[in-house]
Amino acid sequence: MSTSLSGPEPATQAPGREPVRSGLPRKSRTARNHAPITATGLVVKVVLLGLVAGIAIWAAFPLIEAELWVGLAILAVTTAGLCYLYLTRRHIPAKYLVPGTLFLIAFQVFPVLYTASTAFTNFGDGHRGSKDDAIVAIQSSSVKQVPGSTEYSLSIATKGDPTAGPLVFLLTDPRTREVSAGDAAGVRRLDAGQITVSPTGKVTAADGYTILNFGQASARSPEITDLVVPTSGGAIRSNGLSRAYEGKAIRAYDAGCDCVKDSETGKTWTADEATGSFVAADGERLAQGWQVNVGLRNFNRVLTDPNISGPFFGTLVWNFAFAIGSTGLTFLLGMAIALALHSPRMKGTNLYRVLLILPYAMPSFAMLLVWRDMFNTDFGLVNNLFGLGVDWFGETWSARAAVLLVQLWLGYPYMFLVATGALQAIPRELTEATSVDGASPWQTFRAVTLPLLLVALSPLLIASFAYNFNNFNAIYLTTEGGPFPADNPTVGATDLLITYTYRLAFGAQGAQFGFAAAISIFIFAIVATVSAISFRRTRKQEEVYS
Amino acid sequence: MTSLTGTPVATGGAPAANRNAKGRRKSRWFRQVGWRHLVAVLAVAFSLFPILFVLSAALNPRGTLSSTDLVPTGGVSLENFANLFDRTAFAHWFVNSLLIAGLAAFLSIFLSAMAAYAFSRMRFSGRRVGLLSLLLIQMFPQFLAIVAIFLIFTTMTDLWPTIGFNTPWGLMLLYLGGALGVNTWLMKGFYDTLPRELDESATMDGATHAQVFFRIMLPLVAPILAVTALLSFIGTINEFLIANVFLTNTESKTLAVGMFGLVAGERNNNFGMFAAGTLLTAVPTVLVFQLLQRYIVSGLTAGAVKG
């Protein structure tokens with residue numbers, strides 16, 4: 001399913017650009033009928049649609065090769081649809097909407113729906129694939145070296161980057177000196193012409209592969225130890241960095257009892273379809289399970305499990321405080337400075353403005369890391385400047401204050417810019433009229449300027465709230481959610497729901513994608529509700545203004 | 001009069017007799033402007049001191065965090081900049097970031113401008129639903145979809161390596177998925193403020209809808225295009241999470257991913273190089289900012305007024 005979506009994408013760029021050129025040549029102004037077809041427009045249209053077709057054909061070949069017929073069908077339908085849409089004179093709105101919408105569907109709607117659907121499963125570490133995958137994994141990980149099993153000379157290689165690319169075992173059979181490449185998918189024989197083998201039997205070069213040197217290989221030795229290459233009779237595993245053996249699986253799946261048996265101890269683990277794992281009589285579970293539907297169990301767990309729901313509501317409160325705090329503080333400071341600079345008698349405002357908005361132009365990811373280091377206890381700038389020894393990120397409230405201060409610094413230039421613009425848009429007559437009527441500056445501000453500013457800026461404030469509610473970088477790049485209470489390493493004092501969820505989904509304690517997806521649906525519901533309510537209120541206000 | 005308390009202006013607000021009014025107003029005028037300058041200077045100081053720290057760290061010849069102060073005390077050198085280019089693939093990261101952010105910003109505002117034109121000027125079924133769902137989709141924490149995105153692109157890398165992992169093109173396609181969204185709303189608000197008579201008269205003169213769009217609407221919405229382009233550019237340059245999953249080859253990384261790697265392991269020792277990189281990263285943004293500056297203030301608020 002996922003593959004098929006990629007097909008149309010390169011194609012859509014072309015129709016997106018199509019009308020640009022068709023519009024450029026100024027064509028016969030004499031045409032008086034309603035929708036004249038300009039010759040240049042037509043040519044450009046045909047050329048670009050040809051390009052779309054070309055890209056579609058380019059994209060089709062790999063699909064045919066991989067026999068992904070559904071993907072091919074989607075590609076064909078999309079291309080045909082695009083050609084129809086831009087050749088017909090009807091459906092004018094669609095001509096403008098379709099290019100962006102195609103990208104939206106492929107890269108946002110589809111992944112989001114997919115994620116949402118995993119909220120009803122136990123997808124995560126140990127529950128990634130199908131039951132068959134789990135059985136293969138159980139069998140091959142139980143492989144043990146038995147007397148008489150084949151020993152291979154091993155070279156570690158990769159097709160990508162030596163530090164991160166997926167590992168491949170290059171195995172030389174000591175008797176036949178034949179070389180095969182093995183990875184988690186299985187073994188493949190390599191042509192003798194593609195490889196160079198040293199007298200000791202080790203592969204020293206192979207076409208298409210990068211051989212890892214000893215240093216690179218030992219840096220990745222945990223991965224090498226974990227790599228199991230399945231074979232027909234068992235599996236191949238590494239034994240150190242230069243030898244590998246083919247061993248026999250001591251655990252095997254028995255379809256008759258739908259269970260896994262250990263041939264050494266005789267213990268059996270029976271399949272449990274409700275949790276997607278093999279469970280022994282004494283309750284022991286095998287680490288490798290499979291993905292099953294769990295219904296609403298993930299949602300129940302958020303609401304009822306005291307280990308989850310306690311921290312969840314605490315985090316939710318802080319999350320609101322953080323979002324409102326960062327939005328409110330940046331707005332207040334930005335507006336205050338904008339008001340201060342908003343005076344016809346003020347000189348040098350342009351210079352001030354350029355300097356003030358510099359934080360906005362600095363790369364925020366980098367500045368977050370810089371702020372993190374400025375709050376460093378031992379050699380951070382903040383402690384150095386003020387002669388303090390505060391462990392800023394070590395205490396709950398100082399960490400929260402620090403995070404908000406960082407947000408204030410990053411965000412207020414934007415609010416300043418926006419407020420300046422809104423102030424300039426307020427008609428002078430209004431403020432003049434109030435002062436003629438005898439209002440003080442404060443009264444003018446309260447009764448005229450502030451309401452008009454709020455009407456103009458409330459959509460941006462809501463957007464800023466929604467953004468800060470899920471401001472992952474602000475926390476992850478500074479405190480990483482800490483400080484953590486001693487008894488609970490999963491939720492820290494500055495954790496937002498989103499960083500908490502990220503830790504659940506990708507954290508060191510094992511991925512729980514299904515559960516993380518359930519929480520992200522909660523987050524979505526909260527943000528959507530808050531935004532919907534506030535948008536309703538501003539809509540009413542806005543009618544006054546426009 | 002009493003309600004003046006709370007504003008600094010109020011300090012001069014004693015009841016004024018008529019004959020003194022002129023002199024008092026003058027002194028008040030000075031105090032008013034002086035106060036404004038004071039606020040501005042303080043704000044500039046707040047804005048600049050972390051940037052000053054970065055500058056000082058970048059020029060610090062020892063290049064460590066612990067030896068960096070607000071002003072460079074241990075001499076000044078450009079060694080960190082040289083190291084950045086010698087020891088890391090910074091030049092690659094820089095080019096990648098510019099390419100991805102620039103092209104993605106350009107294409108996404110174009111897609112967004114087209115969609116906003118349709119939403120603002122045309123009436124069709126599904127218009128309201130379309131607008132609302134654009135808002136709604138944005139509120140899903142999208143990066144949690146990263147597992148799904150990872151699976152999609154694993155397959156794409158197998159089928160079409162040129163638009164798969166570790167290529168700028170794949171990442172750009174992904175960013176274009178977010179082209180329609182808040183920006184479309186901003187632009188639609190701006191289009192709505194343009195009088196309809198403009199395009200109606202053009203249509204009467206025989207212009208096609210494409211001509212109306214490209215020759216009349218687009219030039220008029222230039223300010224909002226500039227703003228959304230800038231926002232999109234800044235957003236893309238700063239995007240870290242998805243890029244971090246997407247780009248693992250040293251040479252295909254973007255600035256955010258590459259520089260995070262620089263301080264992830266050796267926080268103290270690489271700080272000088274990291275600061276130098278930060279300054280260089282800011283250069284394109286500042287340039288774009290200066291280039292578009294005259295549009296920015298009017299564009300931001302014009303969009304804001306209508307949301």
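Residues numbered from 1 in each chain as written. Chains lettered and ligands numbered in written order. Predicted model: local features only at pLDDT ≥ 70, side-chain atom pairs only at ≥ 80, totals over all residues.

Participant: Go over the overall build of chain A, please, and point to the residues and values.
Facilitator: Counting its regular elements, chain A contains 20 helices and 15 strands. The C-alpha radius of gyration of chain A comes to 32 Å, more than 25% above the 24 Å expected for a compact globule of 546 residues. Taken along the three principal axes of its C-alpha coordinates, chain A extends 105 × 75 × 50 Å. Taken over 546 residues, chain A has a buried fraction of 41%. (Helix = DSSP H or I, 4+ residues; strand = E, 2+ residues; numbered from the N terminus. Rg over C-alpha atoms; globule rule 2.2 N^0.38 Å. Buried ≥ 20, exposed ≤ 12 C-beta atoms within 10 Å, placed from the backbone.)

Participant: A description of the overall build of chain B should follow, citing residues and the corresponding values.
Facilitator: Per the secondary structure count, chain B includes 13 helices and zero strands. Secondary structure elements of chain B, listed N to C terminal, follow the sequence α-α-α-α-α-α-α-α-α-α-α-α-α. Here chain B holds 307 residues, and the buried ones make up 49% of them. Taking as baseline every contact in chain B between residues at least 6 positions apart, the subset at least 24 positions apart corresponds to 71%. (Contact = placed C-beta atoms within 7 Å.)

Participant: Lay out the UniProt feature "transmembrane region" (unreviewed entry) in chain A in plain terms, naming residues and giving numbers.
Facilitator: The sites that UniProt annotates as "transmembrane region" (unreviewed entry) are residues 35-61, 67-87, 96-114, 316-339, 351-371, 401-426, 447-467 and 513-535 of chain A. Across residues 96-114 of chain A, the secondary structure splits into 100% helix and 0% strand, with the terminal C-alpha atoms separated by 27 Å. (UniProt positions renumbered as here; feature names shortened; annotations may be inferred.)

Participant: Summarise the sheet that holds strand β13 (residues 259-262) of chain A; cite the residues concerned and give the values.
Facilitator: Residue and element names in this part refer to chain A. Overall, antiparallel pairing links the four strands, which are arranged β12-β13-β14-β15 in an open sheet. Bordering the open sheet on either side are β12 (251-254) and β15 (277-280), each of which pairs with just one other strand. Strand-to-strand, the axes of this sheet are offset by a mean angle of 30°, without reference to chain direction. Helix-sheet contacts for helix α6 (residues 131-141) involve β12 and β13, and the interaxial angle to β12 is about 150°. (Pairing = 2+ DSSP bridges. Axes fitted to C-alpha atoms, helices over the stretch in contact; angles between N-to-C directions.)

Participant: Give me the domain arrangement of chain B: which residues, what numbers.
Facilitator: Residue and element names in this part refer to chain B. The assigned domain composition of chain B is domain 1 (2-59) and domain 2 (81-306). Across the boundary between the two partners, domain 1 contributes four residues, which contact six residues of domain 2. Considering only residue class, the side of domain 1 that touches domain 2 consists of four nonpolar, no polar and no charged. (Domains from an automatic or database assignment. Nonpolar A, V, L, I, M, F, W, Y, C, P; charged D, E, K, R; others polar.)

Participant: If you had to explain the pairing of strand β5 (residues 186-189) of chain A to someone new, which residues and values would you point to?
Facilitator: Residues and elements named next belong to chain A. In terms of strand pairing, strand β4 (residues 179-183) meets β5 through four bridges, oriented antiparallel. In the strand pairing of β5, D183 is matched with G186. Linking β4 back to β5 in an antiparallel pair, the connection comprises two residues.

Participant: Please set out the interface of chain A and chain B residue by residue, giving values where relevant.
Facilitator: Listed per partner, the contact involves 101 residues of chain A and 92 residues of chain B. By residue number, the principal contributor to the side of chain A that touches chain B is helix α5 (residues 92-118) of chain A, which donates 17 residues. Class assignment for the residues of the side of chain A that touches chain B results in 71 nonpolar, 24 polar and six charged.

Participant: Give me the lowdown on the confidence of the model for chain B, citing residues and values where you can.
Facilitator: Residues and elements named next belong to chain B. Of all residues in chain B, 85% have pLDDT values of 70 or greater, and the mean over the chain is 79. Taking the mean pLDDT of every element in chain B, the minimum, 74, falls on helix α13 (residues 271-306) and the maximum, 91, on helix α3 (residues 90-121). Predicted confidence is poor over residues 303-307, with pLDDT under 50, and the contacts of this stretch with residues over four places away or in other chains come to 20 contacts. Of the two predicted TM-score estimates for the complex, the pTM is 0.73 and the ipTM is 0.79. (pLDDT = per-residue confidence, 0-100.)

Participant: Could you give me a rundown of the UniProt feature "transmembrane region" (unreviewed entry) in chain B, with the residues and numbers involved?
Facilitator: All names here are of chain B. As recorded in UniProt, the sites labelled "transmembrane region" (unreviewed entry) are residues 34-59, 93-119, 131-153, 173-191, 212-237 and 271-292. Helix makes up 74% of residues 173-191 and strand 0%. Its end C-alpha atoms lie 27 Å apart. In the segment residues 212-237, helix accounts for 96% and strand for 0%; the C-alpha atoms at its two ends are 33 Å apart.

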